[in-house]
Amino acid sequence: SRDDLYCPFELAYELAPGQSAYLLASSDGPVEPLQMEDEYVPGPFDPGRALAHSARHFLVQGPRTTILAGYPWFTDWGRDTMIALPGLCLSTGKVATARRILSDFASSMRNGLIPNRFEDGGGTDYHTADATLWFAHAVGKTLDREWNPEFAALMADALDEMRRHHVQGTDFGIRIDPEDG
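Cut-offs and rules
- Residues numbered from 1 in each chain as written.
- Predicted model: local features only at pLDDT ≥ 70, side-chain atom pairs only at ≥ 80, totals over all residues.
- Heavy atoms only, no water.
- Helix = DSSP H or I, 4+ residues; strand = E, 2+ residues; numbered from the N terminus.
- Buried < 20%, exposed > 50% of the residue type's maximum accessible area, 1.4 Å probe, protein only.
- Contact = heavy atoms within 4.5 Å.
- Areas by Shrake-Rupley, 256 points an atom, 1.4 Å probe, with all protein chains shown as cover.
- Salt bridge = Lys/Arg side-chain N within 4 Å of Asp/Glu carboxyl O.
- Patch = residues over 30% accessible without salt bridge, like charges linked within 9 Å, V, L, I, M, F, W, Y side chains within 5 Å.
- Core = buried A, V, L, I, M, F, W, Y, C linked by side-chain atoms within 4.5 Å.
- Axes fitted to C-alpha atoms, helices over the stretch in contact; angles between N-to-C directions.
- Parallel < 35°, antiparallel > 145°, perpendicular 65-115°, else oblique.
- Left-handed = near helix turned anticlockwise from the far one by under 90°.
- Nonpolar A, V, L, I, M, F, W, Y, C, P; charged D, E, K, R; others polar.

Draft legend 1. Structural view of the overall build of the protein. Across its full length, the protein carries five helices and four strands. Along the chain direction, N to C, the helices and strands of the protein fall in the order α-β-β-α-α-β-β-α-α. In the protein, which comprises 181 residues, the proportion classed as buried is 30%. Residue pairs at least 24 apart in sequence account for 51% of intrachain contacts in the protein once pairs closer than 6 positions are excluded. Looking at the protein as shown, the accessible area adds up to about 12,200 Å², and 54% of this sits on carbon and sulfur atoms.

Draft legend 2. Seen up close, the pattern of salt bridges. Applying the stated rule across the entire model yields seven salt bridges. A salt bridge links D130 to R79, with the nearest nitrogen and oxygen atoms 2.9 Å apart. Taken as a pair, D130 in the loop between β4 (124–125) and α4 (131–145) and R79 in helix α2 (residues 78–90) lie far apart in primary sequence, 51 residues in all. Relative accessible area serves as the criterion here: at 23%, D130 is assigned to the partly exposed category. For R79, a relative accessible area of 33% translates into the label partly exposed.

Draft legend 3. Summary view of a nonpolar patch on the surface. There is a patch of nonpolar side chains on the surface, built from F9, L11, Y13, L15 and L23 and spanning about 550 Å² of accessible area. Mapped onto the elements of the fold, L23 is located in the segment before α1 (47–55). Overall, the relative accessible area of 55% leaves L23 in the exposed class.

Draft legend 4. Geometry of the environment of A21. Within the secondary structure, A21 sits in the segment before α1. For A21, a relative accessible area of 34% translates into the label partly exposed. In this structure, A21 is in contact with Y13 and L15, ignoring residues within four places of it in sequence.

Draft legend 5. Representation of the nonpolar core within the structure. Counting 27 residues, the largest nonpolar core has M82, L85, I101, L102 and F135 as its most contacted members. Going through the elements one at a time, α2, α3 (95–107), α4 and α5 (149–168) are the ones with two or more residues in this core. Broken down by element, the residue count for this core peaks at six residues, all from α3. Not counting the four nearest positions on each side in its chain, I101 is found in contact with L59, T65, T66, I67, T81, M82, L85 and C89.

Draft legend 6. Summary view of the packing of α3 against α5. Close contact between α3 and α5 brings their axes to 11 Å; oriented N to C, the two are set at 30°. If you check the angle between α3 and α5, you find them roughly parallel. In this structure, the crossing between α3 and α5 has a hand that is left-handed. In this structure, α3 contributes R99, L102, S103 and A106 to the contact, and α5 contributes F151, L154, M155 and A158. The residue inventory of the contact of α3 with α5, partitioned by class, reads six nonpolar, one polar and one charged.

What follows is the structure, given as structure tokens:
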């Protein structure tokens, strides 16, 4: 998770089509190889297929369904998650996952703001002016992609609460400019 350009060695493999190479390393003793569940099967290069396959690595299920858009440098950030959601979820057909992510963030809303960062150990930061706007954008894109009346009602309540707080003023002085909206 840190980048200091340290490179103790390089590995190079010459692989024929269909061959694989695996490297296992651990500072904690012997390790078992990871089970490669959804192995990517080579074929004619299809950029869309390759991107859809890669997108799944950013979707995670932990205490909440989320996107690690800034992996490996930080955990799930609201702003980055909302920006990445249409590409990682909607364009790959994972609309139900998008709804879970948005519902999880909405349930963590405080004073009209969605979290910008979940801290390790349970803390949450709400210090972003535009994550909530990206949230509203992602909700609209998700409903455009696949209409779901229950999700729409849930998001309408969340968006209305956000609007009310932004009119009154949220934490950190984040609010709608009363002169021009």
